[in-house]
Amino acid sequence: MAREKFQTLTEQMFYSLLCLRKERCGADVMAQVDEMTRGRVVIGPGTLYNLLDSFLTAGMIEETAVEGRRRSYRITAAGERALAEEAERLETLLGDYRRFRVEGETR
């Protein structure tokens, strides 16, 4: 069975959406992701603009301003839901890890 697009988010997807809770242009998203992750997650321009296009098509972000070639975006309610669902999924994984780690230490 094929995985539904955006069923799980890559780190680049997750951090891009997280950054877009505030209106930003693509260059600002790349800089913010770098700062938030202390350089651990890098999003190149090609990857970012493909993500932005996919998010726009899926209704997860909206374009808020266009100034020449510079475009700004902001997350929509659908994007907020996807971000929250991914955070919940990650918390579930972490809970499973912690539970297993503790159980594994007693055996």
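Above this note sits the structure.
The rules we used
Residues numbered from 1 in each chain as written. Predicted model: local features only at pLDDT ≥ 70, side-chain atom pairs only at ≥ 80, totals over all residues. Heavy atoms only, no water. Helix = DSSP H or I, 4+ residues; strand = E, 2+ residues; numbered from the N terminus. Contact = heavy atoms within 4.5 Å. Areas by Shrake-Rupley, 256 points an atom, 1.4 Å probe, with all protein chains shown as cover. Salt bridge = Lys/Arg side-chain N within 4 Å of Asp/Glu carboxyl O. Core = buried A, V, L, I, M, F, W, Y, C linked by side-chain atoms within 4.5 Å. Buried < 20%, exposed > 50% of the residue type's maximum accessible area, 1.4 Å probe, protein only. Pairing = 2+ DSSP bridges. Axes fitted to C-alpha atoms, helices over the stretch in contact; angles between N-to-C directions.

**Remarks on the overall build of the chain**
Reasoning step 1: What the chain contains, in helices and strands, is four helices and three strands.
Reasoning step 2: Scanning the chain from its N terminus toward the C terminus, one meets helices and strands in the order α-β-α-α-β-β-α.
Reasoning step 3: Within the chain, counting contacts between residues at least 6 apart in sequence, those at least 24 apart form 51% of the total.
Reasoning step 4: Carbon together with sulfur atoms contributes 49% to the accessible area of the chain, which is approximately 7,400 Å² in total.

**With respect to the environment of L51**
Reasoning step 1: Among the structural elements, L51 can be located in helix α3 (residues 45-58).
Reasoning step 2: The sequence separation of L51 and S16 amounts to 35 residues, and the corresponding C-alpha distance is 8.3 Å.
Reasoning step 3: Leaving out residues up to four positions away in the same chain, L51 has contacts with Q12, M13 and S16.

**Quick look at the pattern of salt bridges**
Reasoning step 1: Under the defined criterion, the tally for this structure stands at seven salt bridges.
Reasoning step 2: The salt bridge partner of R40 is E11, with a shortest N-O separation of 2.5 Å. Taken together, the positions of R40 in the loop between α2 (26-36) and α3 and E11 in helix α1 (residues 11-19) put the pair 29 residues apart, joining distant regions of the chain.
Reasoning step 3: The salt bridge partner of R21 is E80, with a shortest N-O separation of 3.0 Å. Of this pair, R21 sits in the loop between α1 and β1 (24-25) while E80 sits in helix α4 (residues 77-106), placing them 59 residues apart in sequence.

**Considerations on the nonpolar core**
Reasoning step 1: In terms of nonpolar packing, the biggest core is built from 21 residues, with L17, L20, V29, V33, L52, F55 and I61 touching the most fellow members.
Reasoning step 2: Looking at this core, the elements that each hand over two or more residues are α1, α2, α3, β3 (70-75) and α4.
Reasoning step 3: With five residues, α1 is the single largest residue contributor to this core.
Reasoning step 4: Contact partners of L52, with chain neighbours within four places excluded, come to L20, G26, I61 and Y73.

**Some thoughts on the environment of L52**
Reasoning step 1: In this fold, L52 is placed in helix α3.
Reasoning step 2: Residue classification places L52 among the buried positions, given a relative accessible area of 1%.
Reasoning step 3: For the pair L52 and S16, spaced 36 residues apart in the sequence, the C-alpha separation amounts to 8.5 Å.

**Here's the deal with unusual backbone geometry**
Reasoning step 1: Although it is not a glycine, R38 adopts a positive phi angle of roughly 55°.
Reasoning step 2: For R38, the location among the structural elements is in the loop between α2 and α3.

**A short note on the sheet that holds β3**
Reasoning step 1: Within the open sheet, the three strands sit side by side as β1-β3-β2. Their pairing is antiparallel. Here the strands that pair on one side only, and so sit at the sheet edges, are β1 and β2 (61-67).
Reasoning step 2: Here six bridges tie β2 to β3, and the two strands are oriented antiparallel to one another. Paired with I61 across the bridge in β3 is I75.
Reasoning step 3: Across the face of the sheet, α3 comes into contact with β2 and β3 while running at roughly 120° to β2.

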